[in-house]
Amino acid sequence: MTSVDVLFLGADPCRRRSRMFLVGSGRSVLVEGVRPDGAEPVRAAISVTDAVDVLDALKAGRAIDLPAVDDRTELRRLLVRHRPDGVEISLRTRTSVLGRWFVYADRVPDLTFALRTALDATRATDHAPASGPAPEVRR
């Protein structure tokens, strides 16, 4: 699990400091944004190929909007949008914005590193051998 210092947008300016966690989880990358008001964090899982697309978008300085799911398989969207002073990340449902976070330009390499680390962890668990004895082959 890796994390990045972010600002939570839409909050009282005194309580905007927050964190975003990126975790390699099974066959997806989990993005979790903490809200400074003490409410439950907002989570969304994206596929490995979508995580690679986000890395490419961060490197190229372009926006990307991807499908995601939460821990209850509710459909969500992950939007990464470049601004002159950094990157905005938002998690949304079809009808509402669940949370918006901002990463200053000097912290975007930290975001890229965190996403790459989570992606590598996902790939490692996806290719790891199964635990326990090998299954018996019957002929």
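What this report covers is the structure whose coordinates are included nearby.

Formed by 31 residues in total, the largest nonpolar core has its most connected members in Leu 22, Val 54, Leu 58, Val 80, Ile 89 and Leu 115. A total of six residues in this core trace back to one element, the largest contributor, which is helix α2 (residues 108-126).

Look at helix α1 (residues 48-60): 18 Å from first C-alpha to last across 13 residues, which is about the 18 Å you get at 1.5 Å a residue. For α1, the full list of buried residues reads Asp 50, Ala 51, Val 54, Leu 55, Ala 57 and Leu 58. All buried residues of α1 fall inside an arc of 165° around its axis, so they share one side. Opposite the buried face of α1, by more than 90 degrees, sit the exposed residues Thr 49, Lys 59 and Ala 60. Gly 61 sits one or two positions beyond α1 and adopts a positive phi of about 75°.

What follows deals with the pattern of salt bridges. On inspection of all chains with the given rule, the structure shows nine salt bridges. Its salt-bridge partner being Arg 81, residue Glu 88 comes within 2.7 Å of it at the nearest N-O pair. Note on Glu 88: relative accessible area 4%, which makes it buried. Because the salt bridges share partners, they merge into one network encompassing Arg 81, Arg 83, Asp 85, Glu 88 and Arg 100.

Each value, and the rule that gives it
Within each chain, residue numbers correspond to sequence positions counted from 1 in written order. Restriction of local features to residues with pLDDT of at least 70 applies here, the model being predicted, together with a cutoff of 80 or more for giving and counting side-chain atom pairs; totals for whole chains, interfaces and linings are based on all residues. The basis for the side-chain values is all heavy atoms of the structure; hydrogens and waters are excluded. To form a nonpolar core, buried Ala, Val, Leu, Ile, Met, Phe, Trp, Tyr and Cys residues must be joined to one another through side-chain atoms within 4.5 Å. Exposure categories follow from relative accessible area, calculated using a 1.4 Å probe and restricted to protein chains: below 20% of the type maximum is buried, above 50% is exposed, and the middle band is partly exposed. Every helix listed is a DSSP run of H or I at least four residues long, and every strand listed is a run of E at least two residues long, numbered separately from the N terminus. A helix is expected to span 1.5 Å for every residue after the first. Throughout, the arc means the angular range of directions from the helix axis out to the C-beta atoms. The salt bridge criterion pairs a side-chain nitrogen of Lys or Arg with a carboxyl oxygen of Asp or Glu, the two atoms within 4 Å.

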